[in-house]
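Descriptive analysis of the structure
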Amino acid sequence: MSIIIYAIIDSLQLKKRIVDTDELLNEDSEDNIEFISTDTLTAIVSFEKENKQIPSQEDLLSYASVVDKIAKKYSILPMRYGSILESYNDVIALLEKNSESFLEVLKKINNKEEFSIRVLFSSQKQISTEDGIIVKQTFPDILQGESQSKKYLQSKYEEHIIEERRLHYIEKIQSLLLYDLQKISPFIEFKKNPTTAFIIDAVVLIERTKRNKLLELVAAVQAMYPEHNVILTGPWPAYNFTQMKIS
């Protein structure tokens, strides 16, 4: 038998009032979850008779759904799919060995929730024309000429200038957003732009009471840059702010 761990929670959150597993999820949920607790921490788990070698998409979505439902009610340390132990005693050992680290992270994310903020170039606002900056290039003297090699170098030079301007434009918007986000939360992470379509790909951890402030900020960014697509998603379990080594 395998024990699937969905999340770790401070036991004090559960001790403040009597909580059963039906209340934690939904009464009509098909997920059989249980609590395994020490004095300070509780693991939210389910028991599986067979350990599936290759999980299906349905398995992954079901797991994520359970974590998401719990996170809507409690401040949790979410575990990623595949967090599986073999026995009840293994779970207790995990909680005890990592108690200090778990509690430190749980304190950091207490009463907070994670959001994703993305700003993308729209199809009408392509990378090469952003901010109205494309003008006829004046090439350095060393690149002047009409030969094939000179034309090749001129083309590369233009690409370099466009990329420099693109990065400058991205940095300008990022710095403006960062300035305003820091008024709401110190917990902000900018991810590397995975494609040239992204201007901003960021995650932020905010107090639950400041959700409306974040919504207002995102609306202001969209009004400031109507030519771009501004996307806010969440709240999510705090995956990006609970990274840690587990022993």
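Residues numbered from 1 in each chain as written. Predicted model: local features only at pLDDT ≥ 70, side-chain atom pairs only at ≥ 80, totals over all residues. Heavy atoms only, no water.

Concerning the overall build of the protein chain
- Of the regular secondary structure elements, the protein chain holds 7 helices and 9 strands.
- Burial analysis of the protein chain (247 residues in total) assigns 39% to the buried set.
- Contacts in the protein chain between residues at least 24 apart in sequence constitute 75% of all its contacts with a sequence separation of at least 6.
- Split by element, the accessible area of the protein chain, about 15,000 Å² in all, is 52% carbon and sulfur. (Helix = DSSP H or I, 4+ residues; strand = E, 2+ residues; numbered from the N terminus. Buried < 20%, exposed > 50% of the residue type's maximum accessible area, 1.4 Å probe, protein only. Contact = heavy atoms within 4.5 Å. Areas by Shrake-Rupley, 256 points an atom, 1.4 Å probe, with all protein chains shown as cover.)

Describing helix α5 (residues 99-109)
- Listing the buried residues of α5 in full gives S99, F102, V105, L106 and I109. Buried positions in α5, seen along its axis, are confined to an arc of 140° and lie on one side of it. Projecting away from the buried face of α5 at angles above 90 degrees are the exposed residues E100, E104 and K107.
- Within two residues after α5, N111 carries a phi angle of roughly 60°, on the positive side. (Arc of directions from axis to C-beta.)

Notes on the sheet that holds strand β7 (residues 187-190)
- Spatially, β7-β8-β6-β9 is the arrangement adopted by the 4 strands of the open sheet, whose pairing is antiparallel. Edge positions in the open sheet fall to β7 and β9 (228-236), since each of these has one partner strand only. Going across the sheet, the axis of each strand differs from the next one's by a mean of 15°, ignoring polarity.
- Each of β6 (112-121), β8 (198-207) and β9 is contacted by helix α7 (residues 211-224), which is oriented at about 165° to β9, the strand it contacts most. (Pairing = 2+ DSSP bridges. Axes fitted to C-alpha atoms, helices over the stretch in contact; angles between N-to-C directions.)

Observations regarding the side chain of S46
- Mapping S46 onto the fold places it in strand β3 (residues 41-48).
- Engagement of the side chain of S46 in a polar contact is seen with the side chain of Y6, the distance being 3.0 Å.
- For S46, the residues in contact, after removing those within four places along its chain, are S2, I3, I4, Y6 and N32. (Polar contact = N/O pair within 3.5 Å; in protein donor to acceptor, adjacent residues only side chain to side chain.)

What to know about the confidence of the model for the protein chain
- Confidence in the prediction of the protein chain, expressed as mean pLDDT, is 80, and 79% of residues score 70 or more.
- Taken element by element, the predicted model of the protein chain shows its lowest mean pLDDT in helix α2 (residues 21-24) (55) and its highest in α7 (93).
- Long-range and interchain partners of residues 126-135, a stretch whose pLDDT sits below 50, account for 19 contacts in this model, where long-range means more than four residues apart. (pLDDT = per-residue confidence, 0-100.)

Overview of the pairing of β6
- Counting buried residues along β6, 9 of its 10 residues qualify, which places the element largely inside the surrounding structure.
- Examined bridge by bridge, β6 and β8 share 9 bridges and lie antiparallel to one another. Across the sheet, S116 pairs through a bridge with V203, a residue of β8.

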